[in-house]
Amino acid sequence: MSQQADLFKKLTAHCKEYGFIYQSSEIYDGLSAVYDYGPNGVELKNNIKEYWWRSMVQMHENITGIDAAIFMHPKTWKASGHVDAFNDPLIDNKDSKKRYRADQLVEGYLDKIEDKINKEVEKAQKRFGDSFDEAMFRQTNERVVKYTTEYEEVSKRLATAMSANDMAGLKNLIDELEIGDPEGGSRNWTEVRQFNLMFNTQLGNIAGEEGKLYLRPETAQGIFVNFLNVQKTTRQKVPFGIAQIGKAFRNEIVARQFIFRMREFEQMEMQFFVKPGTEIEWYNRWKETRMKWHLAIGTPAEKLRFKDHDNLAHYANAAVDIQFEFPFGFKELEGIHSRTDFDLSSHQELSGKKLQYFDPELNENYVPYVVETSIGCDRMFLAMISNNLIEETVPDAQGEDSSRTVLKLHPALAPVKCAVLPLLKNKEELTSKAGKLSIS
Ligand code: GAP
């Protein structure tokens, strides 16, 4: 087992042992990709939400919050594009009977190339010491140049196939790169097909399509459909934002890596409504603000990076992820998207209700553009645990080195801030004093 895999195993075991996270319905062998938060976990999760709410809502005069329902009119998801386009490319292996996301198989191949590049760089760094010029090495080393060229070509072909919904192109790529099943190596694949990620259910009193309801796959749509309600009641002027924390549901094809990819999870999202034409300026500002937020909670800069989307979602004209270095590599923690006027315009068209803002300075109506910041609360939780669960060596009572596991969370997030502990167990006068102190 690699060091990182071992670390991740320890992390999940720690989460269970200390009451942070349990597998859902564990006595029935669990439900895949669904988790429950225990006594310490719920405190940490609430603190993450409070820290986000404070900085995004209470510390911004022009951002207010809402709490929209999980169920929404089914037309919402038609207008947002989720009914037609919220799909992942699915592929089955005929031998192992395992199901995968085709794009993730190619991404796994890319990760391996990146690992090879990093190993070459590390080796050279050790060899050349202080005189090592990494940029020069990356440009001139024959093997690194070859890997980098392959990386760029495969990434480009993946992005092209994904943005054109070219499932046959994706399958060709998997065949050409000779990608095998991660769990057995078989290359006996089915064709790639699209799979819609929304869960659906049925209203009790209406049969058929009419009564079909979806569990929301993002909280953002509850904000869009309330845009005018909030603007009118708060009398905010553009630019202004609406924020929300709430559950979202996605029928993920492959749900691995503990709480990183869940089928039921929580999002902390903010939609910022701006004048058309100013969205890229605001997008850049929010990129910077959100990165500062992560740094302020103590996440080291080297564990965070921006990653532009190669493949823009149907609603975006610019998009970037803030990635965090999880024990299984750099992965998306938060998304910042310039969503144009796509959502408001689509809702306006399908509902027939105007979703426009009257700009008193311009003396005209327009549909605002939107910049969104969206972070998964559970991913933030995992980032905080993986960043702060450390092994340290301290002297024991005899002065010998002894190792211990410590969770060094930022005070704003710690489930327990401080404790009053009597050193002697059965001394009533001490325990009663300690009890009084701890609740005063
Ligand atoms: N409204 C935009 C939106 O939903 P997204 O990139 O699909 O964008 C935003 O999701 C964030 O939600 C991600 O950055 C991630 O932190 C979190 N997220 C998405 N899918 C998730 C899942 N299956 N499990 C846990 N968190 C998830």
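Structure shown above.
Fair warning: this is a prediction, and the values are worked out from it, not measured in the lab.

Caption draft 1: Examining the overall build of the protein chain more closely. Looking only at helices and strands, the protein chain features 14 helices and 18 strands. Taking 22 Å as the expected radius of gyration for a compact globule of 440 residues, we find that the protein chain reaches 25 Å, a close match to that expectation. Along the first, second and third principal axes, the C-alpha set of the protein chain runs to 75 × 65 × 50 Å. Classification of the 440 residues of the protein chain by burial places 45% in the buried group. For the protein chain, restricting intrachain contacts to residue pairs at least 6 apart in sequence, the fraction spanning at least 24 positions comes to 65%.

Caption draft 2: Molecular detail of the pattern of salt bridges. Taken as a whole and assessed by the stated rule, the structure comprises 29 salt bridges. Two residues, Glu-50 and Arg-54, come together in a salt bridge whose shortest N-O distance is 3.3 Å. Separated by four residues within a single helix, Glu-50 and Arg-54 lie in helix H2 (residues 39-58), roughly one turn from each other. When its relative accessible area of 41% is taken as the criterion, Glu-50 is described as partly exposed. A relative accessible area of 46% means that Arg-54 is categorised as partly exposed. A salt bridge links Lys-247 to Glu-264, with the shortest nitrogen-to-oxygen separation between them at 2.7 Å. Here Lys-247, found in strand E9 (residues 240-249), pairs with Glu-264, found in strand E10 (residues 264-274); they are 17 residues apart in sequence, far enough to count as distant. What makes Lys-247 partly exposed here is its relative accessible area of 29%. On the accessibility criterion, Glu-264 (29% relative accessible area) is partly exposed.

Caption draft 3: How the structure looks around the site of the ligand. The local shell around the ligand holds 22 residues, among which Glu-218, Arg-250, Met-262, Glu-269 and Glu-332 are the closest. A distance of 2.8 Å separates a nitrogen atom of the ligand from a polar atom in the side chain of Glu-252. One of the backbone N or O atoms of Gly-376 is found 2.9 Å from an oxygen atom in the ligand. For the ligand, the protein covers 94% of the area, taking 560 Å² as the surface of the free molecule.

Caption draft 4: Molecular detail of the sheet that holds strand E5 (residues 99-101). Pairing is antiparallel in the open sheet, where three strands are placed in the order E5-E4-E6. A strand with exactly one partner marks an edge of an open sheet, and here the two such strands are E5 and strand E6 (193-196). The mean inter-strand angle of the sheet, taken between neighbouring strand axes irrespective of direction, is 50°. Bridge count for strand E4 (residues 87-92) against E5 is three bridges, and the pairing is antiparallel. Looking across to E5, one finds that Ile-91 is bridged to Tyr-100. Contacting E4 and E6, helix H8 (residues 167-176) runs over the sheet at an angle of about 45° to E4.

Caption draft 5: Spatial organisation of helix H5 (residues 102-128). In a regular helix each residue adds 1.5 Å, so 27 residues correspond to 39 Å; H5 covers 40 Å between its end C-alpha atoms and thus fits that length. Those residues of H5 that are buried lie in contact with E4, E5, helix H6 (134-140), helix H7 (142-163) and H8. Following H5 by one or two positions, Gly-129 adopts a phi angle in the positive range, close to 60°.

Caption draft 6: View of the pairing of E9. Most of E9 sits out of view: nine of its 10 residues are buried. In this sheet, E9 lies alongside strand E3 (residues 63-65) in parallel orientation, the contact comprising three bridges. When the bridges of E9 are listed, Thr-64 appears paired with Ile-242. Note: E9 against E10, 10 bridges, orientation antiparallel. Pairing of Gly-241 across the sheet is with Phe-272, part of E10.

Caption draft 7: Local environment of a nonpolar patch on the surface. On the surface, Leu-423, Leu-424 and Leu-430 cluster together to form a nonpolar patch covering roughly 330 Å² of accessible area. Here Leu-423 is to be found in the loop between strand E18 (401-407) and helix H14 (428-439). On the basis of relative accessibility, which here comes to 83%, the residue Leu-423 falls in the exposed class.

Each value, and the rule that gives it
Per-chain numbering applies: the sequence of each chain, read as written, is numbered from 1 onward. A pLDDT threshold of at least 70 governs which residues receive local features in this predicted model, and a stricter bar of 80 or more applies before side-chain atom pairs are shown or counted, although totals over entire chains, interfaces and linings include all residues. Only heavy atoms go into the side-chain values, all of them from the structure, while hydrogens and water stay out. Comment: elements are numbered from the N terminus, with helices defined as DSSP H or I runs of at least four residues and strands as E runs of at least two. The quantity called the radius of gyration is restricted to C-alpha atoms. Its globule counterpart is 2.2 Å times the number of residues to the power 0.38. Here's how the labels work: a residue is buried when its accessible area is under 20% of the maximum for its type, exposed when over 50%, partly exposed in between, all with a 1.4 Å probe on protein chains only. Every residue pair with non-hydrogen atoms within 4.5 Å of one another is taken to be in contact. Any carboxyl oxygen of Asp or Glu within 4 Å of a side-chain nitrogen of Lys or Arg constitutes a salt bridge here. Proximity is defined per residue: if any heavy atom of the residue lies within 4 Å of a molecule or strand, that residue is considered near it. Pairs of N or O atoms within 3.5 Å make up the polar contacts considered here, provided that, within protein, one atom can donate a hydrogen while the other can accept it, and that residues adjacent in sequence are counted only when both atoms are side-chain atoms. Under the convention used here, a 1.4 Å probe and the Shrake-Rupley method define accessible areas, while residue burial counts only the protein chains that appear. Two strands make a pair as long as DSSP finds a minimum of two bridges between them. A fitted line through C-alpha atoms represents every axis, and for helices the fit uses only the stretch in contact; the resulting angles, taken between N-to-C directions, go from 0 to 180 degrees. Multiplying 1.5 Å by the residue count of a helix minus one yields the expected span of that helix. Residues forming no salt bridge and having over 30% relative accessible area are the ones grouped into patches, like charges within 9 Å of each other and nonpolar side chains (Val, Leu, Ile, Met, Phe, Trp, Tyr) within 5 Å.

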